[in-house]
Amino acid sequence: MSLLVYVQARDSDRGYRVNYADLVDSFEFNYQISNNYEISFTMTYVEEYKEAFNAAKAKGRVYEDGKWFTIQQADTEINSQGLLTLKVTANHELIDKMKNLRLDKKEPTEDNPETSGGSSAGGQDDNQDKPEVTIKKTAEKKTYPLKDRLDQFFNNNDQGINYRLQGNFPEVAVDCDGSLYEWLGSHLKDFSAYWWPDGNTLVISDLPSMQRKTGQAFRYQYNVTNAQVQVDANNIVNDCMVYGGKMEKDITSGGPGGGGDLDSVEGFCKSPINADFGVNKQLMLQNFAARSRRLRYLGADVNRLYDTIKGQGISPEWFFAYELQEDLNPNWGWLNHTVPHGDAYQDAISVCNWIKQFANSDSFHAATEGGLGNQSMAAKWNQEFPKGTIGRLYLQGTAAAAAELLGQAGGYYGKPLAGCVSVIKSWGGHTVKGGDGGGWGWPFPCGEGTFVDGQQFGMTGYQRQGGFFHDGLDFGAIDHPGNEVHAIHGGKCIISRDYVPGVEWYCVIQDSSGLNVEYQEAFASPNNITVNVGDVVKTGDVIGYRNTSHLHIGITRHNFREAFAHAFSDDGTWLDPRQMIKTGGGASPSGDSGSSSTSTTTQTYYALSFHYENQESIKKYGRHRGKNLVMDSIYDMDQLKKYVDANIQHDPPTTLTLKEIYGGEYGYYLGDTTRLIVPEMNINYDVTLMGVKFNPFKPDQSDSTTLTFNNTGLTMQNVINALYNDIKGINRNVTQFDTLGTTVERNEDHFANEIINHQNQSNDSIPKLSNAEMDRLKAYTRGEANG
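Another aspect to go through is the overall build of the protein chain. From N to C terminus, the protein chain includes 23 helices and 36 strands. The long-range fraction of contacts in the protein chain, counting pairs at least 24 apart against all pairs at least 6 apart in sequence, stands at 68%. With the model as given, the accessible surface of the protein chain reaches about 39100 Å², and the carbon-plus-sulfur share is 46%.

What follows is the structure, given as structure tokens:
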């Protein structure tokens, strides 16, 4: 390398040489991978070198060994000898150029304004057959290769710089904004990449491509006299919930609802709150207008009231029938359960919101009044009448309805449920099966039946190929008798008579929301499956005939064939069929709108979730719970788990630093792979150099060199394990153990064990070396003598 350093003023093309004596005393390289590429030195004002002193101003340039640096700081002071000094700190000039490569959002101007709106809708919808439930990925982002992102900055740049890629990098969903320098600091780690400057070229590399085997070894007390491992355990997390793949479900209410059941009071209660009962609309409106005292009292228009209720996602047939079971009380609003809110139509909206609140409640509190009802039925009814059903509202809001279902005499209040069924039938109403998706049911006539442990969904006591997790629910031929297999949920057949060993012949029904229900292991031949691809299936339809020992049902929102790869993984891919049937799938019934009066409810949720625990970390450091880790834009479970592994700090950040190094005459390069041997720390690994500080102008660099190996993947994990497994064996006489918070730093006394060993030998004394002998020993370890 060159032993000359020149300084050049920003507005000049002439360079001036820096005093070599200043370089010996103060020069320092500080290269840290993907971070710092700077030099610093202190100049003393002397007449011979005054031009260099005066040229060293902010944004001036420094030339050293073929590289140019830009001065960022130039601080003057008077030293202890009364001499004027100037401390210069300069970054590699590529850094300033990278800061000038910017991609900033253009703000709107009058010539280029932001525009919103411009569309309207009214009257009849031309697309009435679209599904009411629309599910979309809200945070899905396109992934890009690293080259594409860099090209956004570098193409046609005016800084005269370029880049070079080394290695392989994943595609990542990141945008380009701000300066290139800022972008690298924020996003390059997402590509598992590192950067450093090479003249006017930005080099970006993965770790394997950056590593350069040197064949050199650093051995403690041979050519390294100070080895330090610093561990910071402040922010360990080894236990947290992880969520990914943010979704939105838009549920558009209004128009014909899901199927309504008028065959029994119980069936009526299990109908959805926006049920379609197939009434003669005009007959219903005429009859309700003639009979409703409240309608006449409020002076409301029956047609407008119908549209208002339907637009709120509530069945007008049920609402009108419910109202006719009540008596007029001017102090109450519609249905006699809430105080009036505004005019007749505003109050109807308020009452519809009350209905939806109770019908979709998480908990269940059975209605009781004056001896009617029974609170002990709450748990049973909570299971029998899932969210979104008429019964869930009635049995919490009306004690007379609870009494009717229990067979108690309602007295003055009568039987409101039977009354509703009767009135709706008088309007031409009848049982209507649900449309696409619709309701849920059991596959065999016995209903829910019973299950033993191995048949149930989730972690069971029965070991399968991949462990104890069962991704579905098994209906045995003995505990769930019958040959006909009934669809538990409606939709369209997307797979039929497909075959997978172990799964055997199977079929899949998908509803309009993308939910897949799979029927497998029940069909010994393809002829036992009767549904074909493209067939529309309703809940309860026969889709095949069981002639094996059991039917396995699996439910997933994932692409079905991709979900097969997670058959034995408790990672959220598969849903519990038993709970889906009993709770109605947790989704509002579907249907389509018959008029322009609709309302849309948006539900947000995460498609992926799992409980993260790192057992090895828990064993070492105890359990440390962290806040939820949420990654909206990752929709693949494998990618989510890789992201978690890379970003959760389950081991404390560990920095390995070597100082007082001999044998560095040939220089150090970031990426150098060297064998590190520190017996006192049980360390004997290849480590990769990630940072270096040294003065190349000093004849003996040993006391000015610091090498840093920071979190280099498995190597640092090995270092941590070595320290953990043998922590008591790292010198029994530790002379210094500093603890600040939970930041631990160990300084080793190499001779401590030797001293203890000699003290334990009564006939031996501690060996002593003269100064001359010590000098010869140092020369020998540096390779300067043969002994």
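Another aspect to go through is the environment of W318. Along the polypeptide, W318 turns up in helix α11 (residues 316-325). Looking at W318, the relative accessible area reads 0%, which means it is buried. Sequence-distant contacts of W318, that is, excluding residues within four places in its chain, are made with F268, I273, F277, I355, I390, L393, Y394, C420 and I424.

This part takes up the sheet that holds strand β13 (residues 201-205). For sheets, the rule is that strands pair by backbone hydrogen bonds, running either parallel or antiparallel. In space, the 3 strands of this open sheet follow the order β10-β13-β12, with mixed pairing throughout. Since the sheet does not close on itself, it has two edges, and those belong to β10 (162-166) and β12 (194-198), each with one partner. The mean inter-strand angle of the sheet, taken between neighbouring strand axes irrespective of direction, is 25°. Relative to β13, β12 runs antiparallel, the two being bridged by 5 bridges. Across the sheet, W195 pairs through a bridge with I204, a residue of β13. Along the sheet, helix α4 (residues 146-154) contacts β10 and β13; its crossing angle with β10, the most-contacted strand, is approximately 170°.

Now for the pattern of salt bridges. Under the defined criterion, the tally for this structure stands at 18 salt bridges. Measuring nitrogen to oxygen at the nearest pair gives 2.8 Å for the salt bridge that ties D104 to R102. Where E384 meets K380, a salt bridge forms, and the shortest distance between an N and an O atom there is 2.3 Å. On the criterion of helical spacing, the pair formed by E384 and K380 is a turn pair, its members being 4 residues apart in helix α13 (residues 378-384). Overlapping salt bridges, with partners in common, bring together D239, E613, R623 and R625 in one network.

Below, the discussion takes up unusual backbone geometry. Of note in the backbone geometry, K59 takes a positive phi value of approximately 70° without being a glycine. Tracing the backbone through its elements, the reader meets K59 in the loop between α2 (50-55) and β5 (61-64). For K59, a relative accessible area of 36% puts it in the partly exposed group. Here the phi dihedral of E504 falls at roughly 65°; this positive angle occurs in a residue that is not glycine.

The predicted coordinates ought not to be read in detail in places where the model reports low pLDDT. With 75% of its residues at a pLDDT of 70 or more, the protein chain has an overall mean of 79. Residue range residues 252-256 is modelled with pLDDT below 50. Its contacts to residues more than four positions away, or to other chains, number 28 contacts.

Restricting attention to buried positions, one finds in helix α8 (residues 281-291) the residues M284, L285 and F288. When α8 is viewed along its axis, its buried side chains cluster within an angular range of 95° and face the same direction. The exposed set on the far side of α8, more than 90 degrees from its buried face, consists of Q286 and A290. Taking the backbone nitrogen of Q282 as reference, a side-chain oxygen 3.3 Å away marks N280 as the first, capping residue of α8.

Viewed as axis vectors pointing N to C, helix α12 (residues 344-359) and helix α14 (residues 390-397) meet at an angle of 95°, and their least axial separation amounts to 8 Å. By the angle between their axes, α12 is roughly perpendicular relative to α14. Residue-level contacts link W354, I355, F358 and A359 of α12 to R392, L393 and Q396 of α14. Looking at side-chain class alone, the contact of α12 with α14 contains 5 nonpolar, 1 polar and 1 charged residues.

A word on the side chain of S292. Residue placement: S292 occurs in the loop between α8 and α9 (293-298). Note on S292: relative accessible area 2%, which makes it buried. Polar side-chain contacts of S292 include one of 3.1 Å to the backbone nitrogen of L295.

Time to look at the nonpolar core. The tendency in soluble globular proteins is for nonpolar side chains to be buried side by side. Ranked by internal contacts, the top residues of the largest apolar core, which has 60 residues, are F41, L202 and I204. If you look at the next biggest cluster of nonpolar residues, it comprises 52 residues, including F277, I314, F319 and L335.

Scanning the model with the defined rule gives 28 aromatic pairs in all. Judged by centre distance (6.5 Å) and plane angle (65°), the ring pair of W442 and F475 falls under edge-to-face. Residue W442 is located in the loop between α16 (416-426) and β17 (458-464), and its partner F475 is located in strand β19 (residues 473-476); the two are separated by 33 residues in the primary sequence. According to the relative accessible area criterion, F475 is buried, its value standing at 0%.

Here we come to helix α3 (residues 93-100). Within α3, 6 of the 8 residues are buried, which leaves it mostly tucked inside the rest of the structure. Taken together, the buried positions of α3 are occupied by E93, L94, I95, D96, K97 and M98.

To continue, consider the pairing of strand β23 (residues 516-523). Burial within β23 is extensive, with 8 of its 8 residues counted as buried. By the bridge criterion, 5 bridges tie strand β22 (residues 504-510) to β23 in an arrangement that is antiparallel. Bridged to W505 within β23 is F523. From the end of β22 to the start of β23, which pair antiparallel, there are 5 residues, and G514 there has a positive phi angle of about 95°. Direction of pairing for β23 relative to strand β26 (residues 550-556): antiparallel, over a ladder of 5 bridges. Across the sheet, the residue bridging to E518 is G554, located in β26.

Let us look at the packing of α11 against α16. At a closest axis distance of 9 Å, the pairing of α11 and α16 adopts a crossing angle of 125°. With respect to α16, the axis of α11 lies oblique. For the crossing formed where α11 meets α16, the hand is right-handed. Seen from α11, the contacting residues are E317, W318, A321, Y322, L324 and Q325; seen from α16, they are P416, G419, C420, V423 and I424. Classifying every residue of the contact of α11 with α16 by side-chain character gives 8 nonpolar, 2 polar and 1 charged.

A few words now on the environment of F560. Secondary-structure assignment places F560 in helix α17 (residues 560-564). With a relative accessible area of 4%, F560 lands in the buried category. Along the chain, F560 and I494 lie 66 residues apart, while their C-alpha atoms are 9.9 Å from each other. Those residues in contact with F560 that sit more than four places away from it in its chain are I495, Y506, V508, N516, E518 and W574.

The rules behind each value
- Residues numbered from 1 in each chain as written.
- Predicted model: local features only at pLDDT ≥ 70, side-chain atom pairs only at ≥ 80, totals over all residues.
- Heavy atoms only, no water.
- Helix = DSSP H or I, 4+ residues; strand = E, 2+ residues; numbered from the N terminus.
- Contact = heavy atoms within 4.5 Å.
- Areas by Shrake-Rupley, 256 points an atom, 1.4 Å probe, with all protein chains shown as cover.
- Buried < 20%, exposed > 50% of the residue type's maximum accessible area, 1.4 Å probe, protein only.
- Pairing = 2+ DSSP bridges.
- Axes fitted to C-alpha atoms, helices over the stretch in contact; angles between N-to-C directions.
- Salt bridge = Lys/Arg side-chain N within 4 Å of Asp/Glu carboxyl O.
- pLDDT = per-residue confidence, 0-100.
- Arc of directions from axis to C-beta.
- Polar contact = N/O pair within 3.5 Å; in protein donor to acceptor, adjacent residues only side chain to side chain.
- Parallel < 35°, antiparallel > 145°, perpendicular 65-115°, else oblique.
- Nonpolar A, V, L, I, M, F, W, Y, C, P; charged D, E, K, R; others polar.
- Core = buried A, V, L, I, M, F, W, Y, C linked by side-chain atoms within 4.5 Å.
- Phe/Tyr/Trp six-rings, centres within 6.5 Å; stacked < 30°, edge-to-face > 60°.
- Left-handed = near helix turned anticlockwise from the far one by under 90°.

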